[in-house]
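# A structural walkthrough
Below are the chains, spelled out letter by letter.
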2 protein chains.
Amino acid sequence: MKKYAFGIDIGGTTVKVGLFDREGNVLDKWEVPTVTKGGPDAILPNVAASIKNKMQEKGISKDEVEGAGAGSPGAVTADGHLVDAVNIGWKEIYLSDELEKLLEFPVKSSNDANVAAFGEMWKGAGKGCADMVMVTLGTGVGGGIIVNGQILSGATGGGGEIGHLHINDDETDSCNCGQKGCLEQYGSATGIVRLANRRLAQDDKPSVLRDEIISAKTVFDAVKAGDEVAIEIAESFGRYLGKGLGMIASVVNPEVIVIGGGVSKAGEVLIKYIEPNFRKYAFPPCSHAKITLAELGNDAGIYGAAGLILNRDE
Amino acid sequence: MKKYAFGIDIGGTTVKVGLFDREGNVLDKWEVPTVTKGGPDAILPNVAASIKNKMQEKGISKDEVEGAGAGSPGAVTADGHLVDAVNIGWKEIYLSDELEKLLEFPVKSSNDANVAAFGEMWKGAGKGCADMVMVTLGTGVGGGIIVNGQILSGATGGGGEIGHLHINDDETDSCNCGQKGCLEQYGSATGIVRLANRRLAQDDKPSVLRDEIISAKTVFDAVKAGDEVAIEIAESFGRYLGKGLGMIASVVNPEVIVIGGGVSKAGEVLIKYIEPNFRKYAFPPCSHAKITLAELGNDAGIYGAAGLILNRDE
């Protein structure tokens, strides 16, 4: 095992890059802007150049680098084939091969949410666990599943895309994916706003939320302040999310479920509403999973990416 | 790789054993009665003796045997720790270690349903696929999930126990597991009888089923004969099972879903009722999985068990 590795997290606005030692300590990190027009050729050479510059700056030779890992949006199969990444306009590339050509050392790649889950397992809230589910509550609901220490990529790179698990037969609104009743419609920041607006429209019960711009943050701030309507909204959120996570646990039997993404900034209060519903819906032998908050924040991606290369089998 | 391997499938009434060549062709198979009282000590020495006898009979030396695989009821973790197997009264043993001591060659073990899934992936309906879900429709609903060519065992050996996925909020009857609305309550032979009795009690619409002892077989025979009430029952079965499989596919994104167990003897007609519902409920990028019938029947377990040892990494 060589001394250094790089972790690359390709996002819609910036590419985050981290320099790690072989134990997985981050030694330096920086960002490169994401150019969404022009495909991979408009981004990857810049990323490679920034890594080469960093190596020169630090006096690191190619022989001292174990390799790099990369997470990107879109469906990525277990062999690193990126099928489609709508939000950065990429299609059909072998990201790791492309980066290997530019960097001249080994590269492993996977989907960004799966990589973040891998990071949390390696160095964050799932440390020491080989079987983990991470759910990312942001604008949408994303996720990543780790099975026996490995990313569950799935046949077409859709493994762990748990935001579109069907959890409610009675939904009348459509999800962005075209289905109705997806986990994302209740567990995301957008979903919480939808649940809040639905609840507020039911009656005139007083609530601080009636004078605010509704967001996941204002809802959970109001919950913490004891606002009864906000608490009802949180109960509804917890019922749906706990049920969805219970279903997932019944299938993959994780040791820990890690909750990340912007919504998770609300803190431990989330778990209070999720956990009883999770225990209720999960198959009893799978219902003992620990539910906990993510620990690595926005760095989960670079940690997981570096982890991909530092923990690879071959 | 040595010339031979054994596959052992421990069931509630018999232990099936197969002798395989290294390519996975079955050369011989036989059964040993299962003694359910007395724990592993009442069974394993008999199984080991029968294997040693077979080796003597065929003139096979220990040096020519790669090892054996074993599937058993109960929750078994990825490292072969059998936690609990209620129907044969076993608790807390390392089955592979115990068998290794008796057989004096390497043994790998896992849960029987997971092993059967592995068999179907290796030599049956999932041949050539690395990502597969098998659902076994018998008295209950069991299952096994293969991720990137490996069994998904889960943290406590509950991985792939998909019969207890929650799929229906409106169920009033309890499942054997204590929950309400589990996949098993609709997809098993018992579940089909329950759906049939519910439908028949609704009104007096004529049906051949009114003069028969209701079973999964009589229901699907009536479907094939064009019985309208039976067709409604099959539609209901297909709605629940298709929905449940759609949910599972949204989480693990398999390439193929294999349907096995006693109920699958009804044949292709099952798929006709399951498939449209599956496509409706699965997350669109995960909805293209092929749905197909199991091919190995009762031999899936011995194939999968032999496959465990012949395909192991180390």
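Here, the structure is the one placed above.
## Observations concerning the overall build of chain A
In terms of regular secondary structure, chain A is built from nine helices and 13 strands. Scaling as 2.2 N^0.38, a compact globule of 314 residues should have a C-alpha radius of gyration of about 20 Å, and chain A matches this with 20 Å. By its C-alpha atoms, chain A is 65 × 40 × 35 Å across when sized along the principal axes. Looking at chain A as a whole, 61% of its 314 residues are labelled buried. Each charge class in chain A can be summarised by its mean position, and for the 31 positive and 42 negative side chains these summaries are 2 Å apart.

## Some points on the packing of aromatic side chains
What the rule picks out here adds up to ten aromatic pairs over all chains. Seen from their ring centres, F6(A) and W30(A) are 6.4 Å apart, and the 80 degrees between their planes marks the pair as edge-to-face. With F6(A) in strand β1 (residues 4-10) and W30(A) in strand β3 (residues 26-33), this residue pair connects regions lying 24 residues apart in the sequence. F6(A) gets classed as buried once you look at its relative accessible area, which sits at 0%. Clustering of aromatic rings is evident, with ring pairs tying together F6(A), W30(A) and F105(A). In this arrangement the basic side chain of K54(B) is found over the ring face of W30(B), its NZ or CZ atom lying 4.6 Å from the centre. One residue, R194(B), lies across the ring of Y186(B), its end atom 5.2 Å from the ring centre.

## With respect to the interface of chain A and chain B
Contact with chain A, which involves 39 residues of that partner, is made by 39 residues of chain B. Contact between chain A and chain B buries roughly 2,900 Å² in total, counting both sides, with carbon and sulfur atoms accounting for 60%. Counting across the chain A and chain B interface gives two salt bridges. On inspection of chain A and its partner chain B, the count reaches 18 residue pairs in polar contact (both at pLDDT 80 or more). Elements with a contribution of two residues or more to the side of chain A that touches chain B: β10 (141-147), α7 (228-252) and α8 (269-281) of chain A. With six residues, α7(A) is the single largest residue contributor to the side of chain A that touches chain B.

## Some remarks on the sheet that holds strand β7 (residues 90-94) of chain B
All names here are of chain B. Strand order across the open sheet formed by three strands is β5-β6-β7, with antiparallel pairing between neighbours. Edge positions in the sheet fall to β5 (75-76) and β7, since each of these pairs with one other strand and no more. Both β5 and strand β6 (residues 81-85) contribute to a ladder of two bridges, which runs antiparallel. Counterpart to V76 in the pairing with β6 is L82.

## Topic: the pairing of strand β8 (residues 107-111) of chain A
All names here are of chain A. With four of five residues buried, β8 is to be regarded as a mostly interior element. In terms of strand pairing, strand β4 (residues 65-72) meets β8 through five bridges, oriented parallel. Looking across to β8, one finds that A70 is bridged to S109.

## Here's the deal with unusual backbone geometry
Phi at E92(A) takes a positive value of approximately 50 degrees, unusual for a residue other than glycine. Mapped onto the fold, E92(A) is located in strand β7 (residues 90-94).

## Brief notes about the packing of helix α5 (residues 189-202) of chain A against helix α6 (residues 216-224) of chain A
All names here are of chain A. Viewed as axis vectors pointing N to C, α5 and α6 meet at an angle of 60 degrees, and their least axial separation amounts to 8 Å. Here α6 runs oblique to α5, going by the angle between their axes. Contacts between α5 and α6 involve A189, I192, V193 and A196 from the former and A216, V219 and F220 from the latter. Of the residues belonging to the contact of α5 with α6, the class tally is seven nonpolar, no polar and no charged.

## Structural notes on the packing of α7(A) against α8(A)
Residue and element names in this part refer to chain A. Interaxial distance between α7 and α8 falls to 7 Å at its minimum, and their mutual angle equals 45 degrees. When the axes of α7 and α8 are compared, the pair comes out oblique. In this structure, the crossing between α7 and α8 has a hand that is right-handed. Here the residues of the contact of α7 with α8 are counted per class, giving eleven nonpolar, five polar and three charged.

## As for the environment of L310(B)
Residues and elements named next belong to chain B. Looking at where L310 falls in the secondary structure, it is placed in helix α9 (residues 300-310). The class of L310 is buried, set by a relative accessible area of 7%. For the pair L310 and M121, spaced 189 residues apart in the sequence, the C-alpha separation amounts to 14 Å. Apart from residues lying up to four places away in sequence, L310 is in contact with M1, A5, D21, R22, E66 and W122.

## Concerning the relation of the copies chain A and chain B
Turning chain A through 180 degrees and shifting it by 0.0 Å along the axis lays it on chain B, with an RMSD of 0.0 Å. Put plainly, the chains are arranged around a two-fold axis. Here 100% of the interface residues in chain A have copies in chain B that are interface residues too; the copies meet face to matching face.

## Description of the pattern of salt bridges
All names here are of chain B. Counted by the stated rule, this structure contains 40 salt bridges over all chains. A salt bridge links E171 to R194; the nearest nitrogen and oxygen atoms lie 3.1 Å apart. Taken together, the residues span a long stretch of sequence, with E171 in the loop between β11 (150-151) and α4 (184-187) and R194 in helix α5 (residues 189-202) at a distance of 23 residues. Summarising the burial analysis for this pair, E171 and R194 share the class buried. Two residues, E171 and R198, come together in a salt bridge whose shortest N-O distance is 2.5 Å. Linking E171 in the loop between β11 and α4 with R198 in helix α5, this pair joins segments that are 27 residues apart in sequence.

Rules behind the numbers
- Residues numbered from 1 in each chain as written.
- Chains lettered and ligands numbered in written order.
- Predicted model: local features only at pLDDT ≥ 70, side-chain atom pairs only at ≥ 80, totals over all residues.
- Heavy atoms only, no water.
- Helix = DSSP H or I, 4+ residues; strand = E, 2+ residues; numbered from the N terminus.
- Rg over C-alpha atoms; globule rule 2.2 N^0.38 Å.
- Buried < 20%, exposed > 50% of the residue type's maximum accessible area, 1.4 Å probe, protein only.
- Lys, Arg positive; Asp, Glu negative; His and termini not counted.
- Charge placed at Lys NZ, Arg CZ, Asp CG, Glu CD.
- Phe/Tyr/Trp six-rings, centres within 6.5 Å; stacked < 30°, edge-to-face > 60°.
- Lys NZ or Arg CZ within 6 Å of the ring centre and 35° of its normal.
- Contact = heavy atoms within 4.5 Å.
- Buried area = accessible area lost by both parts, 1.4 Å probe.
- Salt bridge = Lys/Arg side-chain N within 4 Å of Asp/Glu carboxyl O.
- Polar contact = N/O pair within 3.5 Å; in protein donor to acceptor, adjacent residues only side chain to side chain.
- Pairing = 2+ DSSP bridges.
- Axes fitted to C-alpha atoms, helices over the stretch in contact; angles between N-to-C directions.
- Parallel < 35°, antiparallel > 145°, perpendicular 65-115°, else oblique.
- Nonpolar A, V, L, I, M, F, W, Y, C, P; charged D, E, K, R; others polar.
- Left-handed = near helix turned anticlockwise from the far one by under 90°.
- Least-squares fit on C-alpha atoms with pLDDT ≥ 70 in both.

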